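Chains, contacts and geometry: an overview
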Amino acid sequence: MNEQVTQAKLTAADFATDQEVRWCPGCGDYAILKAVRTVLAEVGARRENTVFVSGIGCSSRFPYYIDTYGFHTIHGRAPAVATGMLLANPDLDVWIITGDGDGLSIGGNHLLHILRRNLNCQILLFNNETYGLTKGQYSPTSHLATRSPSSPGGSIDNPVDPASFALGCGARFVARGVDTQIGQLTEVLKAAYHHEGAAFVEIFQNCIVFNEDVFDGFTAKSNVAEHQLQVEPGKPLVYGADDSRGLVFDAAALGLRTAELGSDSEADVLVHDPANYNLATALARMNNPEFPMATGVLYDNPGPVYAAAADQSGSDGNARSLMDAMRAGFSWKVAGKEQ
Amino acid sequence: MNEQVTQAKLTAADFATDQEVRWCPGCGDYAILKAVRTVLAEVGARRENTVFVSGIGCSSRFPYYIDTYGFHTIHGRAPAVATGMLLANPDLDVWIITGDGDGLSIGGNHLLHILRRNLNCQILLFNNETYGLTKGQYSPTSHLATRSPSSPGGSIDNPVDPASFALGCGARFVARGVDTQIGQLTEVLKAAYHHEGAAFVEIFQNCIVFNEDVFDGFTAKSNVAEHQLQVEPGKPLVYGADDSRGLVFDAAALGLRTAELGSDSEADVLVHDPANYNLATALARMNNPEFPMATGVLYDNPGPVYAAAADQSGSDGNARSLMDAMRAGFSWKVAGKEQ
Amino acid sequence: MNIAEGSASPEGNTVETVVVRFAGDSGDGIQVIGSQLGLASAMSENDLGTFPEYPSEVRAPVGTTYGVSAYQVHFGGRPIKTIGDEADMLVALNPAALTTNLDILKKGGTVLVDAGTFSERNLEKAGYKASPLEDGTLDGYRVMAPDISKLTLESVADLSLNRKASLRCKNFWALGLVYWMYGRDRQPTIAWLNRKFAGNPDVAKANIAALNAGHAYGETVEATAQEVARIEPAPGIYSFVTGYEALAWGLATAAELANRKLVFSSYPITPASPLLHTLARLSDTGVTTFQAEDEIAATCAAIGASFTGGLGVTSSSGPGIALKQEAMSLAVSAELPLIIVNTQRAGPSTGMPTKTEQSDLNQALYGRHGESPLAVLAAGSPAECFEMAIEAARIALTYMTPVILLSDGFVANSSSPWILPDIDALPRINVANHTDAESFNPFERDPETLARSWAIPGTPGCEHRIGGIEKDYATGHISYEPENHQKMTDVRSGKIAGIAKTIPPLEPDQGPPEGDLAIVGWGSTYGPISRAVNNLRARNYRVSHIHLRHLRPFAPNQDELLAAFSYVLVPEMNTGQLAGLLRSEGFGNVESLSKMTGRPFQVSEIEEAVLSRLESSDE
Amino acid sequence: MNIAEGSASPEGNTVETVVVRFAGDSGDGIQVIGSQLGLASAMSENDLGTFPEYPSEVRAPVGTTYGVSAYQVHFGGRPIKTIGDEADMLVALNPAALTTNLDILKKGGTVLVDAGTFSERNLEKAGYKASPLEDGTLDGYRVMAPDISKLTLESVADLSLNRKASLRCKNFWALGLVYWMYGRDRQPTIAWLNRKFAGNPDVAKANIAALNAGHAYGETVEATAQEVARIEPAPGIYSFVTGYEALAWGLATAAELANRKLVFSSYPITPASPLLHTLARLSDTGVTTFQAEDEIAATCAAIGASFTGGLGVTSSSGPGIALKQEAMSLAVSAELPLIIVNTQRAGPSTGMPTKTEQSDLNQALYGRHGESPLAVLAAGSPAECFEMAIEAARIALTYMTPVILLSDGFVANSSSPWILPDIDALPRINVANHTDAESFNPFERDPETLARSWAIPGTPGCEHRIGGIEKDYATGHISYEPENHQKMTDVRSGKIAGIAKTIPPLEPDQGPPEGDLAIVGWGSTYGPISRAVNNLRARNYRVSHIHLRHLRPFAPNQDELLAAFSYVLVPEMNTGQLAGLLRSEGFGNVESLSKMTGRPFQVSEIEEAVLSRLESSDE
Ligand SMILES: Cc1ncc(C[n+]2csc(CCOP(=O)(O)OP(=O)(O)O)c2C)c(N)n1
Ligand SMILES: Cc1ncc(C[n+]2csc(CCOP(=O)(O)OP(=O)(O)O)c2C)c(N)n1
Ligand code: SF4
Ligand code: SF4
Ligand SMILES: [Mg+2]
Ligand SMILES: [Mg+2]
């Protein structure tokens, strides 16, 4: 591509732009922004080779605050725009930023298709269970009976679970992070970056204006231990103070159940295998407070990546000139008159 | 609603219209049409209370051939139109007819949302792994390397599995049928009809023009026994000649595996429980030929139905007159001049 | 009327109208005091118009220029149709509010600032190098710069509120001073506060104390106060309505008049969402609202509702309306009633969502594929929103057609006092469902309206199938016949054209029905044009004002009326879309007066444009 | 050229042009023999035009009227620009084909039927009560009714094909007879058959035998044969191209001329899909195609491709174009190159997908929200499809703007012989990427074109962020400033208007550049208008033909040119959209000649319309 200038390793601060960040003071988006900048620096991303593309929403303002190429597109369509970027230039490092409304309401179809096609990119869905930018209507992830300007009596739509949805779409990398858990979040983002193919990360993000503390049940400091299970590859699926609780397989129900380790004789605690689809779907579906909320990389099982370069044509793979191609049909020659 | 005339029980033939059916001779759609008419008669559906709504595609021509109310809408949008019908009149019996292109390509988002909202209707997705009406381009369900006019060198998009997708969306009823297996298909459709909420049925449908016999691996007469597992509630998950093979739980892999019953000592064959989500996702994901293809009702676990009547408003549920509502804000009275 | 009795009538001259503009941080409670001044003014026998301006950020950091919220109130003793070109008084509760709003204050006007907020930090955030209170910035204005923060704290000191909560009352302190200056009665506001904070009487008391303190301050420092002229309002029950409220009530009323279920199906978008919110709160009156997954689904759901006999309505703004066009075309082809409300905003693309514009007229007229004619209406004031919603429903149901109703960010959010309607006294919309099963044909047409017959699911014997493919004129079945397509094209456009027969004849809003110059407007330019023409006519200029509510089809006599003027000037907040439309209909002498700043026209802009035309035509 | 040597030159008079129409069941191989007649005619030094008509069902049952497939060839010894109003000869391979196509046969024309298919069953399926061969239906035509089925079976009896395969050759039998009647050389077709069925020589042989047998039959029964006049074709390598092929090649060529990657992103829809299919087969020439999940994604992906430096192109037809409008508006706002091809079909809604129309012009011009100006072009013939694709790319890349290129079902599917271009000889499209990191500003504009500077990902130091929110004129950052929005609105429309400077001046296609009457057309009405004007001028009527390729902006001298005519008539396959546009631009004497049947204009319809105007103006 372009001549590469010799560049020193960049720091997180090098990824900041000159634009004033305009989220509400206290919004969870700030922490995510910080985590992303950190990750970009740590993985050695190059500014000129990186593109952030977003739809519309508070979350989708994100690209303005990262000093790489950026495109703040239209509502719900970032995955489609990103697809075109990768078709034209598969070497780019593309990050898609979306929200629960942008990505799962108006943009649900594009999310489905980018996941199943498995384009090589990162998809960060900031889930705050509300439409922040349009002032707090309930969203497709809002729990039943959410009161909002458009559901003053409480919403009656069953919510969709982003991770389960992604798994159903055929995603090969599905993870969850929390805005305030920077350590885990940066690790998750790094894993997403290194995954070949579409990496889907749901980030629980606190909207302090319209949905303050909606995730407190498992993200409040006092609840993390008892109500969150931070999965790690190859590690037992335990949680609770002193890892006193864990997930075991419930043969009768063909599913997971929680167990007090030590006291429960059947307690054959499971070990996390991110390549196991069945485990991932079961983890994704665990509902807090009945179960701990699973966070971290739930599923990471690379599959065939959509490669634009790959040839969908009927040709044998050898390049032809365009003029040859045009002549390949039935053609005939009319000679000029002898002069 | 309208005054009900006394009506004799209708037969399948009573649901035929005067329109000539215009699918290609030999198309699988004919068999499905027959099955649906039979089911309508068997469940005692009333013509005037039934609506068939479809998008665009060969499959979506369906409503013209059923003598009920029908709406052939626009590409991909039948679930949204159906939603409006049920909002205005929740008593209607609404059947949505869609194709793999209509329902999963352009219409994927609406499918997601009608499933998660769980509106009370039946959704029949005719999967022929192609865009029939537009002459045979590959579709979102086409297997990798499908050659078609738009993928002359073979498609490079990973397909989506409709049943897994529906489960990921939060569907509470997910089933599969085969155009040629009328017995099972009518049973599945009846179960869908009786399910409260959105019932999703994928029907493998043979497009003899563009994708002839693409499902032969498990639907050809000679393959049904060995390559198809017809699940039934409460029955063991067995298949093969003389039910010699079955599904067992593979503890190491936390998943399903097939076993020769009798010879395999671990063979604790599983029993089908349609209310088990984990089982349903595992069944849906079984890939032929490695596994038998699961057909029948994979999942049937009723959940809260979206009821338009349910009140999203902030009111206490008591009706108000509109004029009272307008006056409920700050209002004041100007008296007329004394005359 | 609870006449503004007991309001101190301060000395000073009487003015006809006054414009007060409040500005401050988003957290300062600007919207609340703005609407209270509106209320107090209505109670003081004033007509008025108000308009809020919100920052585009949800909650911008304190003290920033982009976090400034404003509210303008124009009140006085004659019919008020605008929010006022310039403010007579600016209340700026921090430096950022001052710097972003000063240009709206008229020279010589009064500026009230809270000196307590002019800290170095805040000045810097507002981009001031030096304090504008000291460096001559405010020369030429009448400046009042009390330390409102401090005075507010003092006024509520007796109450048990903490400092933060106490400081929050300073908006009411400022309001109290404004009430003193324009002779407003405090009682309605006090009543409102008591009702609003019924559960929190300390807060109510504190705000009332601050209000009173501000009022007393005016008296004490002998701030110049003005008498404002009064009107004699018509009798009735009044409320304040914004355009979106009037529109919501109009839709609900229309459904009641037609005895149909209103199914309002939408997806949130600025500035259209308040319509959804307002209707969602009316569910106990029988309204069904549906928040769809996107605009396409919203439109399709409304169509589905109409298919089953409801009144399907959908609503959005520019980008969302673009997404609805394919489905609208289905409604054209299936000939189903449907109302599409477009609360326009500044484009293209995401544009400036919080700013107003009229640039979607062409999209409304021509935005669909194929020949997809439908009716287009526009509302120019909150009151008109109510009327036009009913008119849209009348047309949609009577003619079995989609109708686009154009509103915009300005008309939707401005408000004025409005007599609440008596629904029982309004004409009903009588459109029967077809129930006769004998030889039923869904495309049989009413010979008068050309509307097809509407049989809804649930009706035995009328089962039928329709869709978006071309239909045979006679049977309604699918048809690809060449001559039939011509016939169907003609009948679809003829049906829309025929609506004109039921539209009342167009008459000038002001001025004679013929002459040299007509100012022709539509939608929210109504106010400024009306005032400008009023002013010009008062100065004996011969000019008429014609306001179009029906944009497709036009009123039956529109051609004739416009032809009676030698020259037509069309002020629009777009680059001349109505002007182009009139020209394409064969009018030669049409000139466009275009404004594309995201702000409504000022009266003076229109006056000047007219004067320059009149002068040049004098030459 | 492989001149049609050795073709028997049958006795008979010489005619200038001939129209042959083939019709039969979908399975009868009508399209194949139609294009073979085209090929043979081109080889016989004829110019020609062809047009296929497919049934709308994928594979309708045998013998039904809705399963009839047809192909019309118009060839002769002068430039051919239409497919012919009427057929001189109709080949109808079954009763359904006869009944659905007879109206196109001119009185006195020749009809060839396969008597072997006129069974009672088939007659009934075609809706005939009695055999049209016997009941006088064909009085006034020259009827040839051999039992083609039987004769074909006999002709291939020596070969080892089964009955079904043998019968499949009957199309070539009929073709052989046609070749006899119009003196076509069989050699090119024989060569084609040998190549096509190289893997199946028996099939090739059988078809050749049938072809020869049909030819011999003509000789034997002494069917009247006609000499057809010839032209002298320009030297070059020729191929047959349909409009969609020429368009595909034009897009690929444009990308090569601009040294950019072509990213063509689309979703299947009739009649636009063939463009996708053709480009998909060009991937080995460097073209990238993408079948998106829907039209919105297709457009967005094309935009993403352009953002990263490619030439993003998307394509659809009416309903799909409606869905693309929101994203097009993003491209307007972000000022990115983008080409949107609309292969128009009959609307509204699903309409008649296989029928042609020009009813999306207004949608192209006005279909977006806000003021979203972009360039609009139209192609009127297969050859023009190639040129206009390059022109669209030139404009999109030079001006950083979306361009809509209008085609339609008729122009896309008709074909004619065409000299394959020498790409190296075409002017290059030189648009450089911005790479200079010093003080880079994405919204810095080229003073000449007003195009913003284009820096693409991968360029160090030029990292930037853009979007659909209004941008500051100077910095490109988000701006809600009133005056800035005015300025940006002006610059966006000024940029599009400025394209006119680089458009070649408009000249009449025929006739003088001034006069009483100009026929103004655009797109696929080109052929019929051209022929009609040609005929009229031959009869000494003073009329000019002006063909518009640029619909926004217009050619710089268009106003002037049109103003030089007292009267303008605009034939359009819509209800008068260009006519309305011209009127809105201030032209008074514009009349629309509208046709909405899903079929192209006939030459005679235009001639008659012109004559009636000329007469009435003579009064
Ligand atoms: C086509 C269109 N429809 C609607 C909108 C209005 N809109 C902007 S953002 C948004 C929802 C944002 O929600 P989410 O994606 O969850 O982002 P958040 O603000 O919560 O971060 C909506 C409805 C729009 N900009 N465009
Ligand atoms: C907006 C829009 N885009 C595209 C089309 C063209 N189109 C019609 S049907 C179809 C695909 C049909 O595929 P599927 O749903 O699988 O139905 P099938 O014909 O295979 O039964 C497409 C792309 C259309 N009618 N409208
Ligand atoms: S509204 Fe919510 S999500 Fe948006 S910036 Fe504010 S806190 Fe964050
Ligand atoms: S194309 Fe395929 S799906 Fe469509 S009618 Fe024919 S066989 Fe059936
Ligand atoms: Mg959100
Ligand atoms: Mg299909």
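Our structure's up above, just so we're on the same page.
Summary of the structure given here. (Residues numbered from 1 in each chain as written. Chains lettered and ligands numbered in written order. Predicted model: local features only at pLDDT ≥ 70, side-chain atom pairs only at ≥ 80, totals over all residues. Heavy atoms only, no water.)

The next subject is the overall build of chain A. Looking only at helices and strands, chain A has 10 helices and 12 strands in total. Along the longest, intermediate and shortest principal axes, the C-alpha atoms of chain A span 105 × 50 × 50 Å. For chain A, with 339 residues in total, the buried portion stands at 61%. The contacts in chain A between residues at least 6 apart in sequence include a share of 63% that link residues at least 24 apart. If the 24 positive side-chain charges of chain A are averaged to one point and the 38 negative ones to another, these points end up 9 Å apart. (Helix = DSSP H or I, 4+ residues; strand = E, 2+ residues; numbered from the N terminus. Buried < 20%, exposed > 50% of the residue type's maximum accessible area, 1.4 Å probe, protein only. Contact = heavy atoms within 4.5 Å. Lys, Arg positive; Asp, Glu negative; His and termini not counted. Charge placed at Lys NZ, Arg CZ, Asp CG, Glu CD.)

Residue and element names in this part refer to chain C. Pairing is mixed in the open sheet, where seven strands are placed in the order 11-10-12-13-15-14-20. The strands lining the two open edges of the sheet, one partner per strand, are strand 11 (288-291) and strand 20 (550-552). Taken over all neighbouring pairs, the strand axes of this sheet differ in orientation by 20 degrees on average, direction set aside. Pairing between strand 13 (residues 338-344) and strand 15 (residues 402-408): seven bridges, direction parallel. From the neighbouring strand, isoleucine 340 faces strand 15, where its bridge partner is isoleucine 404. The sheet strands contacting helix 12 (residues 318-334) are strand 12 (311-316), strand 13 and strand 15, and the helix crosses strand 13 at an angle near 160 degrees. (Pairing = 2+ DSSP bridges. Axes fitted to C-alpha atoms, helices over the stretch in contact; angles between N-to-C directions.)

Bringing the interface of chain A and chain D into the picture now. Residue-level contacts link 60 residues of chain A with 72 residues of chain D. Both faces considered, chain A and chain D share a buried interface measuring about 5600 Å² in area, 65% of it formed by carbon and sulfur atoms. In terms of surface lost to chain D, no three residues of chain A exceed Tyr69, Phe330 and Trp332 of chain A, which account for 17% of the buried area on that side. Between chain A and chain D we count three salt bridges in total. Its salt-bridge partner being arginine 320 of chain A, residue aspartate 284 of chain D comes within 2.9 Å of it at the nearest N-O pair. There are 21 residue pairs in polar contact (both at pLDDT 80 or more) connecting chain A and chain D. (Buried area = accessible area lost by both parts, 1.4 Å probe. Salt bridge = Lys/Arg side-chain N within 4 Å of Asp/Glu carboxyl O. Polar contact = N/O pair within 3.5 Å; in protein donor to acceptor, adjacent residues only side chain to side chain.)

Our next topic: the site of ligand 1. What surrounds ligand 1 is a group of 22 residues, the closest being Cys58, Ser59, Asp100 and Asp102 of chain A together with Glu295 of chain C. The environment of ligand 1 is shared, with nearby residues belonging to chains A, C and D. Contacts to ligand 1 include aspartate 102 of chain A, whose backbone N or O atom sits 2.6 Å from an oxygen atom. Alone, ligand 1 offers 590 Å² of accessible surface; in the complex the protein occludes 98% of this. Of all the elements, helix 3 (residues 100-106) of chain A adds the most residues to the shell around ligand 1, at four residues. (Near = heavy atom within 4 Å. Areas by Shrake-Rupley, 256 points an atom, 1.4 Å probe, with all protein chains shown as cover.)

Let us look at the nonpolar core. Buried together is how nonpolar side chains tend to be arranged in soluble globular proteins. Counting 344 residues, the largest nonpolar core has Phe71 of chain A together with Phe71 of chain B as its most contacted members. Counting 47 residues, the second-largest nonpolar core is a separate cluster that includes Ile33, Phe75, Tyr179 and Trp180 of chain C. (Core = buried A, V, L, I, M, F, W, Y, C linked by side-chain atoms within 4.5 Å.)

Protein ligation of the magnesium ion (ligand 5) involves Asp100 of chain A (OD), Asn128 of chain A (OD1) and Thr130 of chain A (O), the donor distances falling in the range 2.0 to 2.2 Å. Judged by relative accessible area, which is 2%, aspartate 100 of chain A ranks as buried. (Donors = N, O, S within 2.8 Å, 3.2 Å for Na, K, Ca; no water.)

Turning our attention to the site of ligand 2. Lining the immediate surroundings of ligand 2 are 22 residues, of which Cys58, Ser59, Asp100 and Asp102 of chain B together with Glu295 of chain D lie closest. Those residues lying near ligand 2 are distributed over chains B, C and D. Residue serine 59 of chain B places a side-chain N or O atom 2.6 Å away from an oxygen atom belonging to ligand 2. Between an oxygen atom of ligand 2 and a main-chain N or O atom of leucine 133 of chain B, the distance comes to 2.9 Å. Considering ligand 2 on its own, with 590 Å² of exposed area, one finds that the protein chains cover 98% of that surface. The element contributing the most residues to the shell around ligand 2 is helix 3 (residues 100-106) of chain B, with four residues. Looking at side-chain class alone, the shell around ligand 2 contains nine nonpolar, nine polar and four charged residues. (Nonpolar A, V, L, I, M, F, W, Y, C, P; charged D, E, K, R; others polar.)

With that settled, consider the coordination of the magnesium ion (ligand 6). All names here are of chain B. Every protein donor of the magnesium ion (ligand 6) is accounted for by Asp100 (OD), Asn128 (OD1) and Thr130 (O), and the metal-donor separations fall at 2.0 to 2.2 Å. Taken in sequence order, the residues that donate to the magnesium ion (ligand 6) follow the motif D-x27-N-x1-T. Here asparagine 128 falls in the buried class, since its relative accessible area comes to 6%.

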